[in-house]
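If you want the building blocks of each chain, they are given just below.
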Amino acid sequence: MIGAETTILLTLLVPLIGSGLILLTGASPNLRETVILITASLLFLLVASLLPSVYDGARPAVTFIEMVPGLSIAFKVEPLGMTFACIASFLWIVTTVYSIGYMRGHHEENQTRFYFYFAISLMAAIGVAFAANMMTLFIFYEVLTLCTFPLVAHHGTEESKRAGRVYLGILIGTSLAFQLLAIAWTWVAAGTLDFTKGGILADKVSETVAGVLLALYVFGIGKAAVMPFHRWLPAAMVAPTPVSALLHAVAVVKAGVFTVVKVITYIFGIDFLSDIPQTQILSWVAAFTMLTASIIALGKDNLKARLAYSTVSQLSYIVLGATLATGLGIVASGMHIAMHAFGKITLFFCAGAILVAAHKTEISQMDGLGRTMPYTYTAFLIGSLCVIGLPPMGGAWSKFYLITAAADAGQIILVLAYMASTLLAIGYLLPVVVRGFLKPVPVTTNRDHADLSASDHKHDDIAAEDMGIREAPLSCLLAMAVSSAGCLLLFFFADSLFEMLGGIFRN
(Lines give C-alpha, C1' and ligand atoms only; values in the text may rest on other atoms or scores of the structure.)
Protein backbone atom coordinates (compact mmCIF):
# COMPACT_ATOMS: atom_id res chain seq x y z
CA MET A 1 0.00 0.00 0.00
CA ILE A 2 1.49 3.34 -1.09
CA GLY A 3 1.62 5.95 1.65
CA ALA A 4 -0.06 9.32 1.24
CA GLU A 5 3.29 11.15 1.13
CA THR A 6 4.54 8.95 -1.70
CA THR A 7 1.23 9.33 -3.52
CA ILE A 8 1.54 13.12 -3.43
CA LEU A 9 4.99 12.98 -5.01
CA LEU A 10 3.77 10.48 -7.61
CA THR A 11 1.01 12.86 -8.70
CA LEU A 12 3.79 15.20 -9.80
CA LEU A 13 6.12 12.52 -11.14
CA VAL A 14 3.61 10.59 -13.26
CA PRO A 15 2.71 13.41 -15.70
CA LEU A 16 6.39 14.36 -15.85
CA ILE A 17 7.36 10.81 -16.86
CA GLY A 18 4.37 10.70 -19.19
CA SER A 19 5.57 13.84 -20.98
CA GLY A 20 8.91 12.16 -21.69
CA LEU A 21 7.20 9.04 -23.05
CA ILE A 22 5.02 11.22 -25.27
CA LEU A 23 8.15 12.58 -26.93
CA LEU A 24 9.60 9.09 -27.33
CA THR A 25 6.44 7.70 -28.95
CA GLY A 26 5.69 10.75 -31.11
CA ALA A 27 6.42 8.91 -34.35
CA SER A 28 3.56 6.51 -33.67
CA PRO A 29 0.31 8.48 -33.05
CA ASN A 30 -1.64 5.48 -31.78
CA LEU A 31 1.06 4.52 -29.28
CA ARG A 32 1.55 8.17 -28.26
CA GLU A 33 -2.15 8.63 -27.55
CA THR A 34 -2.26 5.35 -25.63
CA VAL A 35 0.56 6.65 -23.43
CA ILE A 36 -1.34 9.90 -22.85
CA LEU A 37 -4.55 8.11 -21.84
CA ILE A 38 -2.69 5.75 -19.49
CA THR A 39 -0.79 8.65 -17.92
CA ALA A 40 -3.93 10.75 -17.45
CA SER A 41 -5.85 7.79 -16.00
CA LEU A 42 -3.04 6.90 -13.61
CA LEU A 43 -2.82 10.50 -12.40
CA PHE A 44 -6.55 10.58 -11.70
CA LEU A 45 -6.39 7.30 -9.78
CA LEU A 46 -3.53 8.63 -7.65
CA VAL A 47 -5.39 11.86 -6.89
CA ALA A 48 -8.64 10.02 -6.20
CA SER A 49 -6.88 7.68 -3.77
CA LEU A 50 -6.24 10.70 -1.51
CA LEU A 51 -9.87 11.79 -1.55
CA PRO A 52 -11.37 9.52 1.17
CA SER A 53 -8.82 10.46 3.81
CA VAL A 54 -9.09 14.19 3.04
CA TYR A 55 -12.88 13.96 3.15
CA ASP A 56 -12.58 12.36 6.59
CA GLY A 57 -10.39 15.16 7.89
CA ALA A 58 -6.82 14.00 7.21
CA ARG A 59 -4.31 16.47 5.76
CA PRO A 60 -1.46 14.43 4.23
CA ALA A 61 1.72 16.45 3.68
CA VAL A 62 5.27 16.02 2.46
CA THR A 63 8.31 18.31 2.29
CA PHE A 64 10.33 17.93 -0.89
CA ILE A 65 13.25 20.24 -0.18
CA GLU A 66 14.03 23.02 2.28
CA MET A 67 15.47 26.02 0.42
CA VAL A 68 16.20 28.14 3.48
CA PRO A 69 15.21 27.61 7.13
CA GLY A 70 11.45 27.94 7.36
CA LEU A 71 10.89 28.02 3.59
CA SER A 72 10.44 24.75 1.73
CA ILE A 73 9.05 23.31 -1.44
CA ALA A 74 6.33 21.35 0.29
CA PHE A 75 2.92 19.89 -0.39
CA LYS A 76 -0.20 19.47 1.72
CA VAL A 77 -3.58 18.18 0.63
CA GLU A 78 -6.58 20.06 2.02
CA PRO A 79 -10.21 20.27 0.77
CA LEU A 80 -9.80 23.19 -1.63
CA GLY A 81 -6.69 21.71 -3.25
CA MET A 82 -8.31 18.28 -3.34
CA THR A 83 -11.25 19.72 -5.26
CA PHE A 84 -9.01 21.45 -7.81
CA ALA A 85 -6.79 18.38 -8.26
CA CYS A 86 -9.77 16.07 -8.81
CA ILE A 87 -11.22 18.43 -11.43
CA ALA A 88 -7.93 18.88 -13.28
CA SER A 89 -6.92 15.21 -13.28
CA PHE A 90 -10.35 13.89 -14.32
CA LEU A 91 -10.89 16.48 -17.03
CA TRP A 92 -7.42 15.73 -18.41
CA ILE A 93 -8.72 12.29 -19.35
CA VAL A 94 -11.84 13.76 -20.94
CA THR A 95 -9.87 16.47 -22.78
CA THR A 96 -7.39 13.90 -24.08
CA VAL A 97 -10.21 11.79 -25.53
CA TYR A 98 -11.61 14.93 -27.15
CA SER A 99 -8.20 16.06 -28.39
CA ILE A 100 -7.59 12.81 -30.24
CA GLY A 101 -10.67 13.35 -32.39
CA TYR A 102 -10.20 17.10 -32.74
CA MET A 103 -6.48 17.13 -33.57
CA ARG A 104 -6.87 14.38 -36.15
CA GLY A 105 -10.17 15.67 -37.54
CA HIS A 106 -8.79 19.19 -37.90
CA HIS A 107 -5.44 17.90 -39.22
CA GLU A 108 -3.43 19.86 -36.67
CA GLU A 109 0.35 19.89 -36.97
CA ASN A 110 2.89 19.38 -34.16
CA GLN A 111 0.57 17.11 -32.21
CA THR A 112 3.38 15.51 -30.20
CA ARG A 113 4.55 18.92 -28.99
CA PHE A 114 0.97 19.78 -28.11
CA TYR A 115 0.50 16.66 -25.94
CA PHE A 116 3.93 17.11 -24.33
CA TYR A 117 3.18 20.59 -23.06
CA PHE A 118 -0.33 19.53 -22.08
CA ALA A 119 1.17 16.89 -19.77
CA ILE A 120 3.61 19.37 -18.22
CA SER A 121 0.71 21.77 -17.69
CA LEU A 122 -1.20 19.17 -15.70
CA MET A 123 1.87 18.49 -13.56
CA ALA A 124 2.05 22.22 -12.80
CA ALA A 125 -1.67 22.36 -12.02
CA ILE A 126 -1.32 19.54 -9.49
CA GLY A 127 1.65 21.36 -7.95
CA VAL A 128 -0.52 24.46 -7.54
CA ALA A 129 -3.34 22.40 -6.04
CA PHE A 130 -1.22 20.61 -3.45
CA ALA A 131 1.19 23.46 -2.56
CA ALA A 132 1.67 23.78 1.20
CA ASN A 133 2.96 27.34 1.10
CA MET A 134 2.84 30.40 -1.11
CA MET A 135 6.37 29.98 -2.50
CA THR A 136 5.67 26.44 -3.70
CA LEU A 137 2.42 27.63 -5.26
CA PHE A 138 4.19 30.54 -6.98
CA ILE A 139 6.82 28.24 -8.52
CA PHE A 140 4.26 25.90 -10.05
CA TYR A 141 2.02 28.84 -11.00
CA GLU A 142 4.87 30.22 -13.12
CA VAL A 143 5.69 26.81 -14.60
CA LEU A 144 2.04 26.60 -15.66
CA THR A 145 2.32 29.96 -17.42
CA LEU A 146 5.53 29.04 -19.25
CA CYS A 147 4.39 25.59 -20.43
CA THR A 148 1.00 26.82 -21.69
CA PHE A 149 2.60 29.60 -23.75
CA PRO A 150 3.65 27.16 -26.56
CA LEU A 151 0.08 25.85 -26.58
CA VAL A 152 -1.38 29.32 -27.08
CA ALA A 153 1.10 29.99 -29.91
CA HIS A 154 0.65 26.44 -31.27
CA HIS A 155 -0.33 27.38 -34.84
CA GLY A 156 2.77 29.52 -35.37
CA THR A 157 0.89 32.22 -37.29
CA GLU A 158 1.48 35.93 -36.70
CA GLU A 159 -1.89 36.11 -34.93
CA SER A 160 -1.05 33.24 -32.58
CA LYS A 161 2.44 34.63 -31.90
CA ARG A 162 0.93 38.00 -31.05
CA ALA A 163 -1.62 36.34 -28.78
CA GLY A 164 1.20 34.40 -27.13
CA ARG A 165 3.09 37.60 -26.43
CA VAL A 166 -0.01 39.15 -24.82
CA TYR A 167 -0.57 35.97 -22.83
CA LEU A 168 2.99 35.79 -21.56
CA GLY A 169 3.37 39.52 -21.05
CA ILE A 170 0.31 39.97 -18.86
CA LEU A 171 0.69 36.79 -16.81
CA ILE A 172 4.43 37.12 -16.19
CA GLY A 173 4.15 40.89 -15.76
CA THR A 174 1.44 40.72 -13.09
CA SER A 175 3.27 37.92 -11.29
CA LEU A 176 6.58 39.74 -11.06
CA ALA A 177 5.24 43.25 -10.51
CA PHE A 178 2.52 42.44 -7.97
CA GLN A 179 2.35 38.84 -6.77
CA LEU A 180 6.05 38.32 -6.07
CA LEU A 181 6.17 41.63 -4.22
CA ALA A 182 3.19 40.55 -2.10
CA ILE A 183 4.85 37.21 -1.33
CA ALA A 184 8.10 38.86 -0.25
CA TRP A 185 6.20 41.39 1.86
CA THR A 186 4.20 38.58 3.50
CA TRP A 187 7.42 36.66 4.29
CA VAL A 188 8.99 39.72 5.94
CA ALA A 189 5.85 40.59 7.90
CA ALA A 190 4.75 37.12 9.03
CA GLY A 191 8.03 35.17 8.98
CA THR A 192 6.32 32.31 7.13
CA LEU A 193 4.52 31.58 3.88
CA ASP A 194 2.78 28.41 5.07
CA PHE A 195 -0.92 28.09 4.34
CA THR A 196 -2.42 28.13 7.82
CA LYS A 197 -5.98 27.83 9.05
CA GLY A 198 -7.15 31.29 10.07
CA GLY A 199 -4.35 33.00 8.11
CA ILE A 200 -0.88 34.24 9.01
CA LEU A 201 -1.22 38.03 8.71
CA ALA A 202 -3.55 38.83 11.61
CA ASP A 203 -1.68 40.89 14.24
CA LYS A 204 1.31 41.02 11.86
CA VAL A 205 0.31 43.99 9.66
CA SER A 206 -2.05 46.93 9.94
CA GLU A 207 -5.37 46.99 8.14
CA THR A 208 -3.99 49.51 5.64
CA VAL A 209 -0.99 47.31 4.81
CA ALA A 210 -3.25 44.26 4.60
CA GLY A 211 -5.46 46.10 2.11
CA VAL A 212 -2.46 46.91 -0.07
CA LEU A 213 -1.27 43.30 0.12
CA LEU A 214 -4.71 42.01 -0.81
CA ALA A 215 -4.78 44.23 -3.90
CA LEU A 216 -1.28 43.09 -4.88
CA TYR A 217 -2.32 39.46 -4.61
CA VAL A 218 -5.64 39.78 -6.46
CA PHE A 219 -4.21 41.80 -9.37
CA GLY A 220 -0.94 39.85 -9.28
CA ILE A 221 -2.80 36.59 -9.85
CA GLY A 222 -3.39 37.45 -13.49
CA LYS A 223 -4.87 34.05 -14.28
CA ALA A 224 -7.98 35.11 -12.33
CA ALA A 225 -8.56 37.64 -15.17
CA VAL A 226 -9.85 40.47 -12.99
CA MET A 227 -10.10 43.64 -15.09
CA PRO A 228 -7.98 45.34 -16.32
CA PHE A 229 -5.65 42.30 -16.46
CA HIS A 230 -8.01 40.08 -18.47
CA ARG A 231 -6.98 40.67 -22.09
CA TRP A 232 -4.72 37.62 -22.23
CA LEU A 233 -7.73 35.33 -22.01
CA PRO A 234 -9.71 36.47 -25.10
CA ALA A 235 -6.40 36.84 -27.00
CA ALA A 236 -5.53 33.21 -26.29
CA MET A 237 -8.61 31.98 -28.16
CA VAL A 238 -6.54 31.68 -31.34
CA ALA A 239 -5.22 28.41 -29.88
CA PRO A 240 -6.74 25.01 -30.78
CA THR A 241 -10.00 24.27 -28.97
CA PRO A 242 -8.47 21.65 -26.61
CA VAL A 243 -6.10 24.39 -25.46
CA SER A 244 -9.08 26.67 -24.87
CA ALA A 245 -10.58 23.90 -22.77
CA LEU A 246 -7.30 23.66 -20.83
CA LEU A 247 -7.23 27.43 -20.31
CA HIS A 248 -10.86 27.78 -19.28
CA ALA A 249 -11.71 24.63 -17.40
CA VAL A 250 -8.89 22.24 -16.62
CA ALA A 251 -5.93 24.25 -15.40
CA VAL A 252 -5.05 27.87 -16.12
CA VAL A 253 -7.96 30.08 -15.08
CA LYS A 254 -8.91 27.62 -12.36
CA ALA A 255 -5.37 27.88 -11.00
CA GLY A 256 -5.93 31.65 -10.89
CA VAL A 257 -9.18 31.73 -8.95
CA PHE A 258 -8.04 28.80 -6.81
CA THR A 259 -4.98 30.84 -5.79
CA VAL A 260 -7.15 33.85 -4.94
CA VAL A 261 -9.40 31.73 -2.72
CA LYS A 262 -6.41 30.01 -1.14
CA VAL A 263 -4.67 33.32 -0.35
CA ILE A 264 -7.81 34.81 1.18
CA THR A 265 -8.47 31.71 3.27
CA TYR A 266 -4.98 30.71 4.42
CA ILE A 267 -2.81 33.86 4.12
CA PHE A 268 -5.24 36.54 5.32
CA GLY A 269 -7.97 34.52 7.04
CA ILE A 270 -11.59 35.51 6.64
CA ASP A 271 -11.92 36.94 10.17
CA PHE A 272 -9.07 39.37 9.61
CA LEU A 273 -10.12 40.15 6.04
CA SER A 274 -13.68 41.03 7.01
CA ASP A 275 -12.32 44.00 9.01
CA ILE A 276 -10.32 45.47 6.11
CA PRO A 277 -12.14 48.27 4.23
CA GLN A 278 -10.25 47.61 0.99
CA THR A 279 -11.89 44.19 0.77
CA GLN A 280 -15.15 45.92 -0.14
CA ILE A 281 -13.39 47.81 -2.94
CA LEU A 282 -12.08 44.56 -4.46
CA SER A 283 -15.59 43.09 -4.24
CA TRP A 284 -16.80 46.00 -6.35
CA VAL A 285 -13.97 45.49 -8.85
CA ALA A 286 -14.96 41.83 -9.15
CA ALA A 287 -18.62 42.79 -9.61
CA PHE A 288 -17.63 45.32 -12.28
CA THR A 289 -15.61 42.65 -14.11
CA MET A 290 -18.49 40.19 -13.82
CA LEU A 291 -21.04 42.55 -15.37
CA THR A 292 -18.78 44.24 -17.95
CA ALA A 293 -17.48 40.95 -19.35
CA SER A 294 -21.06 39.65 -19.60
CA ILE A 295 -22.10 42.73 -21.58
CA ILE A 296 -19.09 42.39 -23.91
CA ALA A 297 -19.96 38.71 -24.44
CA LEU A 298 -23.41 39.72 -25.70
CA GLY A 299 -21.81 41.61 -28.60
CA LYS A 300 -19.40 38.89 -29.75
CA ASP A 301 -20.38 36.98 -32.87
CA ASN A 302 -17.37 34.66 -32.76
CA LEU A 303 -18.39 31.73 -30.56
CA LYS A 304 -15.03 31.22 -28.84
CA ALA A 305 -14.72 34.95 -28.17
CA ARG A 306 -18.17 34.96 -26.58
CA LEU A 307 -17.23 32.00 -24.41
CA ALA A 308 -13.94 33.69 -23.48
CA TYR A 309 -15.68 36.76 -22.08
CA SER A 310 -18.17 34.49 -20.38
CA THR A 311 -15.21 32.91 -18.60
CA VAL A 312 -13.89 36.32 -17.52
CA SER A 313 -17.30 37.02 -16.00
CA GLN A 314 -17.68 33.64 -14.31
CA LEU A 315 -14.21 33.83 -12.76
CA SER A 316 -15.25 37.01 -11.00
CA TYR A 317 -18.18 35.14 -9.46
CA ILE A 318 -15.53 33.17 -7.60
CA VAL A 319 -13.32 36.17 -6.74
CA LEU A 320 -16.37 38.08 -5.49
CA GLY A 321 -17.50 35.14 -3.39
CA ALA A 322 -14.05 34.90 -1.79
CA THR A 323 -13.82 38.64 -1.06
CA LEU A 324 -17.07 38.44 0.88
CA ALA A 325 -14.77 36.99 3.57
CA THR A 326 -17.33 34.55 4.94
CA GLY A 327 -17.21 30.79 5.35
CA LEU A 328 -20.16 30.30 3.01
CA GLY A 329 -18.58 32.59 0.42
CA ILE A 330 -15.37 30.53 0.42
CA VAL A 331 -17.24 27.22 0.16
CA ALA A 332 -19.50 28.56 -2.60
CA SER A 333 -16.46 29.84 -4.51
CA GLY A 334 -14.85 26.41 -4.26
CA MET A 335 -18.04 24.80 -5.53
CA HIS A 336 -18.23 27.20 -8.47
CA ILE A 337 -14.69 26.24 -9.49
CA ALA A 338 -16.00 22.71 -10.03
CA MET A 339 -19.38 23.62 -11.53
CA HIS A 340 -17.97 26.13 -14.00
CA ALA A 341 -15.20 23.72 -15.02
CA PHE A 342 -17.67 21.09 -16.25
CA GLY A 343 -20.06 23.57 -17.82
CA LYS A 344 -17.44 25.63 -19.65
CA ILE A 345 -15.39 22.68 -20.91
CA THR A 346 -18.60 21.28 -22.40
CA LEU A 347 -19.22 24.57 -24.23
CA PHE A 348 -15.69 24.68 -25.63
CA PHE A 349 -15.91 21.04 -26.69
CA CYS A 350 -19.05 21.98 -28.62
CA ALA A 351 -17.38 25.00 -30.23
CA GLY A 352 -14.54 22.79 -31.41
CA ALA A 353 -16.93 20.15 -32.70
CA ILE A 354 -18.77 22.79 -34.74
CA LEU A 355 -15.47 23.93 -36.24
CA VAL A 356 -14.37 20.40 -37.11
CA ALA A 357 -17.72 19.20 -38.52
CA ALA A 358 -19.23 22.36 -40.01
CA HIS A 359 -16.24 24.73 -40.29
CA LYS A 360 -18.22 27.49 -38.58
CA THR A 361 -16.84 29.99 -36.09
CA GLU A 362 -19.40 32.83 -36.18
CA ILE A 363 -22.71 32.45 -34.38
CA SER A 364 -24.54 34.29 -37.17
CA GLN A 365 -23.51 31.48 -39.53
CA MET A 366 -24.93 28.73 -37.33
CA ASP A 367 -28.66 29.02 -38.09
CA GLY A 368 -30.26 25.58 -38.22
CA LEU A 369 -26.97 23.84 -37.42
CA GLY A 370 -28.56 22.07 -34.45
CA ARG A 371 -30.56 19.98 -36.91
CA THR A 372 -27.41 18.55 -38.47
CA MET A 373 -25.48 18.42 -35.17
CA PRO A 374 -28.18 17.52 -32.60
CA TYR A 375 -25.81 15.80 -30.14
CA THR A 376 -23.43 18.75 -30.11
CA TYR A 377 -26.19 21.31 -29.63
CA THR A 378 -27.85 19.26 -26.90
CA ALA A 379 -24.52 19.20 -25.07
CA PHE A 380 -24.22 22.97 -25.62
CA LEU A 381 -27.63 23.43 -24.00
CA ILE A 382 -26.58 21.35 -20.99
CA GLY A 383 -23.31 23.26 -20.60
CA SER A 384 -25.17 26.57 -20.95
CA LEU A 385 -27.68 25.67 -18.23
CA CYS A 386 -24.81 24.73 -15.92
CA VAL A 387 -22.94 28.00 -16.50
CA ILE A 388 -26.16 30.03 -16.20
CA GLY A 389 -27.01 28.21 -12.97
CA LEU A 390 -30.34 26.60 -13.74
CA PRO A 391 -31.43 23.23 -12.35
CA PRO A 392 -30.95 20.37 -12.79
CA MET A 393 -27.32 21.34 -13.45
CA GLY A 394 -24.58 21.69 -10.84
CA GLY A 395 -24.13 25.41 -11.41
CA ALA A 396 -27.53 26.00 -9.80
CA TRP A 397 -26.11 25.10 -6.37
CA SER A 398 -22.90 27.11 -6.53
CA LYS A 399 -24.74 30.22 -7.71
CA PHE A 400 -27.42 29.73 -5.07
CA TYR A 401 -24.78 29.64 -2.33
CA LEU A 402 -22.85 32.58 -3.81
CA ILE A 403 -25.99 34.72 -3.82
CA THR A 404 -26.91 33.49 -0.34
CA ALA A 405 -23.43 34.37 0.93
CA ALA A 406 -23.74 37.90 -0.47
CA ALA A 407 -27.17 38.27 1.13
CA ASP A 408 -25.90 36.97 4.49
CA ALA A 409 -23.10 39.54 4.33
CA GLY A 410 -25.68 42.28 3.83
CA GLN A 411 -24.35 43.08 0.34
CA ILE A 412 -27.65 43.57 -1.48
CA ILE A 413 -26.03 45.43 -4.40
CA LEU A 414 -23.72 42.46 -4.94
CA VAL A 415 -26.72 40.13 -4.83
CA LEU A 416 -28.28 42.21 -7.61
CA ALA A 417 -24.96 42.08 -9.53
CA TYR A 418 -24.98 38.27 -9.36
CA MET A 419 -28.57 38.16 -10.56
CA ALA A 420 -27.98 40.67 -13.38
CA SER A 421 -24.95 38.71 -14.61
CA THR A 422 -27.00 35.51 -14.56
CA LEU A 423 -29.65 37.16 -16.77
CA LEU A 424 -26.91 38.36 -19.11
CA ALA A 425 -25.56 34.79 -19.27
CA ILE A 426 -28.97 33.67 -20.49
CA GLY A 427 -28.74 36.39 -23.13
CA TYR A 428 -25.37 35.36 -24.53
CA LEU A 429 -25.63 31.55 -24.27
CA LEU A 430 -29.18 30.42 -25.02
CA PRO A 431 -29.51 32.31 -28.34
CA VAL A 432 -26.78 30.03 -29.70
CA VAL A 433 -29.02 27.04 -28.99
CA VAL A 434 -32.15 28.79 -30.27
CA ARG A 435 -30.47 29.69 -33.55
CA GLY A 436 -29.22 26.15 -33.94
CA PHE A 437 -32.51 24.37 -33.31
CA LEU A 438 -35.24 26.87 -34.22
CA LYS A 439 -33.88 29.20 -36.90
CA PRO A 440 -34.64 28.20 -40.51
CA VAL A 441 -31.97 26.10 -42.16
CA PRO A 442 -30.15 28.07 -44.87
CA VAL A 443 -31.08 27.07 -48.41
CA THR A 444 -27.48 26.13 -49.16
CA THR A 445 -24.51 25.29 -47.04
CA ASN A 446 -20.90 24.28 -47.52
CA ARG A 447 -19.96 20.70 -48.14
CA ASP A 448 -17.85 19.16 -45.41
CA HIS A 449 -14.10 19.09 -46.11
CA ALA A 450 -14.19 15.32 -45.61
CA ASP A 451 -16.10 15.01 -48.90
CA LEU A 452 -13.46 16.91 -50.84
CA SER A 453 -10.15 15.76 -52.21
CA ALA A 454 -7.04 17.27 -50.70
CA SER A 455 -6.47 19.40 -53.80
CA ASP A 456 -10.07 20.60 -54.10
CA HIS A 457 -10.45 23.87 -52.19
CA LYS A 458 -13.93 24.70 -53.50
CA HIS A 459 -16.92 24.39 -51.15
CA ASP A 460 -19.71 22.97 -53.30
CA ASP A 461 -23.19 24.03 -52.25
CA ILE A 462 -25.73 21.34 -51.46
CA ALA A 463 -29.26 21.51 -50.18
CA ALA A 464 -29.35 21.73 -46.39
CA GLU A 465 -32.12 19.22 -46.14
CA ASP A 466 -29.92 16.63 -47.86
CA MET A 467 -27.08 16.95 -45.36
CA GLY A 468 -28.37 14.61 -42.67
CA ILE A 469 -26.54 14.40 -39.34
CA ARG A 470 -22.92 15.52 -39.59
CA GLU A 471 -21.24 15.37 -36.20
CA ALA A 472 -17.64 15.65 -35.09
CA PRO A 473 -15.54 12.48 -34.62
CA LEU A 474 -16.82 9.93 -32.11
CA SER A 475 -14.14 10.70 -29.51
CA CYS A 476 -15.29 14.35 -29.47
CA LEU A 477 -18.89 13.26 -28.91
CA LEU A 478 -17.82 10.87 -26.15
CA ALA A 479 -15.95 13.63 -24.33
CA MET A 480 -18.95 15.95 -24.61
CA ALA A 481 -21.20 13.21 -23.24
CA VAL A 482 -18.96 12.71 -20.18
CA SER A 483 -18.63 16.42 -19.40
CA SER A 484 -22.38 16.93 -19.91
CA ALA A 485 -23.10 14.05 -17.54
CA GLY A 486 -20.78 15.72 -15.02
CA CYS A 487 -22.88 18.90 -15.17
CA LEU A 488 -25.94 16.85 -14.26
CA LEU A 489 -24.33 14.64 -11.62
CA LEU A 490 -22.89 17.62 -9.78
CA PHE A 491 -26.44 18.80 -9.16
CA PHE A 492 -27.37 15.59 -7.35
CA PHE A 493 -24.08 15.15 -5.49
CA ALA A 494 -23.41 18.77 -4.60
CA ASP A 495 -23.91 18.00 -0.90
CA SER A 496 -20.77 15.84 -0.86
CA LEU A 497 -18.72 18.65 -2.39
CA PHE A 498 -20.23 21.17 0.03
CA GLU A 499 -19.41 18.89 2.96
CA MET A 500 -15.80 18.40 1.92
CA LEU A 501 -15.15 22.09 1.30
CA GLY A 502 -16.70 22.85 4.66
CA GLY A 503 -13.77 20.94 6.13
CA ILE A 504 -11.60 23.99 5.38
CA PHE A 505 -12.93 25.53 8.58
CA ARG A 506 -13.36 22.38 10.66
CA ASN A 507 -9.77 21.14 10.67
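Use the structure listed above.
Presented here is an overview of the structure given in this document. These numbers were taken from a predicted model, which means no experiment stands behind them.

Together, Leu9, Phe64, Ile65, Met67, Val68 and Ile139 make up a nonpolar patch on the protein surface, roughly 500 Å² of accessible area in all. Take the nonpolar patch: its biggest share by element is 4 residues, from strand β1 (residues 61–68). Take Leu9: it is sitting in helix α1 (residues 4–24). Classification of Leu9 as partly exposed rests on a relative accessible area of 32%.

Close contact between helix α10 (residues 252–268) and helix α14 (residues 327–358) brings their axes to 11 Å; oriented N to C, the two are set at 170 degrees. One way to sum up the angle between α10 and α14 is to call them roughly antiparallel. Within the contact between the two elements, α10 uses Lys254, Val257, Phe258, Val261, Ile264 and Thr265 and α14 uses Ile330, Ser333, Ile337, His340 and Ala341. In terms of residue class, the contact of α10 with α14 is built from 7 nonpolar, 3 polar and 1 charged.

Glancing now at the packing of aromatic side chains. The full count for this structure, using the stated rule, is 21 aromatic pairs. Consider the rings of Tyr377 and Phe437, whose centres lie 5.9 Å apart with planes at 75 degrees: the pair is edge-to-face. Within this pair, whereas Tyr377 is found in helix α15 (residues 374–388), its partner Phe437 is found in helix α17 (residues 412–438), the two being separated by 60 residues in sequence. By relative accessible area, Tyr377 is classed as buried at 1%. You can call Phe437 partly exposed: its relative accessible area is 27%. With a centroid separation of 5.1 Å and 85 degrees between ring planes, the pair formed by Phe491 and Phe492 is classed as edge-to-face. Take Phe491: its relative accessible area is 18%, and that puts it in the buried class. Feature note: the residues Trp397, Phe400, Tyr401, Phe491, Phe492 and Phe498 constitute an aromatic cluster, connected by ring pairs. Residue placement shows Lys223 over the ring face of Tyr141; its charged tip is 3.3 Å from the ring centre.

The rules behind these values
Residues numbered from 1 in each chain as written. Predicted model: local features only at pLDDT ≥ 70, side-chain atom pairs only at ≥ 80, totals over all residues. Heavy atoms only, no water. Patch = residues over 30% accessible without salt bridge, like charges linked within 9 Å, V, L, I, M, F, W, Y side chains within 5 Å. Areas by Shrake-Rupley, 256 points an atom, 1.4 Å probe, with all protein chains shown as cover. Salt bridge = Lys/Arg side-chain N within 4 Å of Asp/Glu carboxyl O. Helix = DSSP H or I, 4+ residues; strand = E, 2+ residues; numbered from the N terminus. Buried < 20%, exposed > 50% of the residue type's maximum accessible area, 1.4 Å probe, protein only. Axes fitted to C-alpha atoms, helices over the stretch in contact; angles between N-to-C directions. Parallel < 35°, antiparallel > 145°, perpendicular 65-115°, else oblique. Contact = heavy atoms within 4.5 Å. Nonpolar A, V, L, I, M, F, W, Y, C, P; charged D, E, K, R; others polar. Phe/Tyr/Trp six-rings, centres within 6.5 Å; stacked < 30°, edge-to-face > 60°. Lys NZ or Arg CZ within 6 Å of the ring centre and 35° of its normal.

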